[in-house]
Structure formats: C-alpha cells, structure tokens
Amino acid sequence: FVGQWNIAKNCNERVLFTGVGDDELFGGYNIYQQLEYTNDRSASPYSYFENNIELEQLWDQCLNFYSDDAKQATLLMDYIIQCAAVDLRGVDVCTQAHGVEPRSPFVHPAIIKFAINLPWKYKVENITKPLLKKLFLETWPVDLILPKQGFAGHCNDSYQYLNLTIPRQEDRHKDWKLILQAVF
C-alpha cells in the first residue's frame with residue numbers, strides 16, 4: 001500500500017480510482033498460469049489454507065458455485081480473501097488519511113457478476129487479464145500497458161518501515177489489526 005499512500009498524498013483530486021479486485025476477478029497474476037489446481041483446497045498462495053474450518057467452508061462454497069471447477073473457484077476465493085480481508089481496508093486507510101476518497105469499480109456487483117460468469121479463457125490464457133487488455137487497447141496504445149511490478153506495502157511487508165515493536169502474527173488479518181491499533 002506504499003504506492004497508494006504516496007499517490008493519495010500527492011493527489012489533487014477528491015476521488016481516486018483503484019484497481020482493487022481486478023487481478024483476482026480477471027486473472028491478473030502470472031502464478032494463475034502455473035498453479036496445479038485441485039479440488040482439495042485453493043492452489044493459490046493468496047488464499048491457501050490448512051486446518052482452518054472457516055476457510056475450508058469458504059472453499060467448499062467457491063467450488064460448489066463453480067460446479068467443481070477448481071481454477072475458477074481459486075480466483076473467486078482469492079477475490080474474497082484478498083479484497084475483503086486486506087486490499088479494500090488498506091486502500092481505504094491509505095487514501096482517507098489524505099482526505100481522498102477511493103473508488104474501486106471492481107467491487108461493484110455488476111462487475112463481479114460479469115467476471116464470475118466469464119469462461120476461464122477470458123481470464124487466464126497465454127497472458128494475464130486477456131479480456132481487460134483487449135478492451136484497453138481499443139482506446140489506448142499498447143505502450144501504456146505496463147508490466148506488473150510485484151507487491152510492495154502489504155501490512156506484513158511494511159513492518160520494517162513502520163518502526164513498530166509489535167510482534168508479527170503471520171496472519172494478515174491480525175497484522176492489520178495490530179498495525180492499525182499501534183499507528184492510529
């Protein structure tokens with residue numbers, strides 16, 4: 001969230017659009033092309049779980065929603081876990097701290113409904129987010145499509161920069177709560 005913080009800090013507008021949820025809904029992570037999918041549990045490191053009854057139940061619901069299609073269920077589980085537990089809260093805190101209101105179109109019910117009904121080939125093919133890139137190129141030039149830069153600034157990646165003396169929990173939910181309590 002370091003990037004979101006800096007953008008919001010230097011933003012001269014009242015509203016800032018974010019891309020929260022697009023990678024999970026439209027297959028934006030390169031790892032989605034490499035995972036070995038199984039119906040036992042999410043293959044993604046973003047929503048992988050072991051011995052967690054709530055996440056097992058969530059996985060079963062995602063798998064049931066997609067009629068045992070583990071690939072699609074993995075993206076849905078990633079969306080639920082990442083957006084609800086980490087990304088939306090992080091973006092909100094980072095932007096609101098500077099008086100900027102975030103807008104995240106990829107959490108709009110119509111976009112979610114559209115994305116979850118897309119066939120796999122429009123999400124993850126030879127490239128990540130093939131549908132979004134195709135639509136983007138109908139309006140803008142290809143040189144505006146930048147390669148993914150990786151992650152920087154999730155709460156548990158930011159400990160070293162925050163000078164906090166709180167113990168790391170190895171759980172993003174708990175990390176966020178402790179950081180928010182310590183900082184705010």
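Provided above is the structure to which this section pertains.
Rules used throughout
Residues numbered from 1 in each chain as written. Predicted model: local features only at pLDDT ≥ 70, side-chain atom pairs only at ≥ 80, totals over all residues. Heavy atoms only, no water. Axes fitted to C-alpha atoms, helices over the stretch in contact; angles between N-to-C directions. Helix = DSSP H or I, 4+ residues; strand = E, 2+ residues; numbered from the N terminus. Parallel < 35°, antiparallel > 145°, perpendicular 65-115°, else oblique. Left-handed = near helix turned anticlockwise from the far one by under 90°. Contact = heavy atoms within 4.5 Å. Nonpolar A, V, L, I, M, F, W, Y, C, P; charged D, E, K, R; others polar. Phe/Tyr/Trp six-rings, centres within 6.5 Å; stacked < 30°, edge-to-face > 60°. Buried < 20%, exposed > 50% of the residue type's maximum accessible area, 1.4 Å probe, protein only. Lys NZ or Arg CZ within 6 Å of the ring centre and 35° of its normal. Polar contact = N/O pair within 3.5 Å; in protein donor to acceptor, adjacent residues only side chain to side chain. Expected span 1.5 Å × (residues − 1). Bend = angle between axes of the 7 residues up to and from the residue.

Draft legend 1. Highlighting the packing of helix α3 (residues 53-65) against helix α4 (residues 70-96). Packing of α3 against α4 brings their axes to within 8 Å, and their N-to-C directions diverge by 130 degrees. Considering their axes alone, α3 and α4 lie oblique with respect to each other. Crossing handedness for the pair α3 and α4: right-handed. In this structure, α3 uses Leu55, Leu58, Trp59, Cys62, Leu63 and Phe65 to contact α4, whose residues at the interface are Ala70, Ala73, Thr74, Leu76, Met77, Ile80 and Ile81. Considering only residue class, the contact of α3 with α4 consists of 12 nonpolar, 1 polar and no charged.

Draft legend 2. Representation of the packing of aromatic side chains in the model. Taken as a whole and assessed by the stated rule, the structure comprises 7 aromatic pairs. Here the aromatic rings of Tyr37 and Trp120 are separated by 5.8 Å at their centres, their planes lie at 80 degrees, and the arrangement is edge-to-face. Within this pair, whereas Tyr37 is found in the loop between α2 (22-26) and α3, its partner Trp120 is found in the loop between α5 (109-116) and α6 (130-137), the two being separated by 83 residues in sequence. Take Tyr37 and Trp120: they sit in the same class, and that class is buried. Between Phe65 and Tyr66, the ring centres sit 5.0 Å apart and the planes meet at 90 degrees, which makes this aromatic pair edge-to-face. Looking at Phe65, the relative accessible area reads 45%, which means it is partly exposed. What links up through ring pairs into an aromatic cluster is the set Phe26, Phe106 and Phe114. The cationic tip of Arg41 hangs over the ring face of Phe49; the distance from NZ or CZ to the ring centre is 5.7 Å.

Draft legend 3. Representation of the environment of Glu101. Locating Glu101 in the fold gives a position in strand β2 (residues 101-103). Residue class for Glu101 comes out partly exposed when judged on its relative accessible area of 22%. Residues Glu101 and Ala8, 93 residues apart in the sequence, show an inter-C-alpha distance of 8.9 Å. The contacts of Glu101, once residues within four sequence positions are left out, are Arg14, Val15, Leu16 and Gln96. Here the side chain of Glu101 touches Arg103 through a polar contact of 2.8 Å, side chain to side chain.

Draft legend 4. Examining α4 more closely. Over its 27 residues, α4 extends 36 Å from the first C-alpha to the last, a length consistent with the 39 Å expected when each residue adds 1.5 Å. A maximum bend of about 55 degrees is found in α4 at Cys83. N-capping of α4 is provided by Asp69, with a side-chain oxygen placed 3.1 Å from the backbone N of Lys71.

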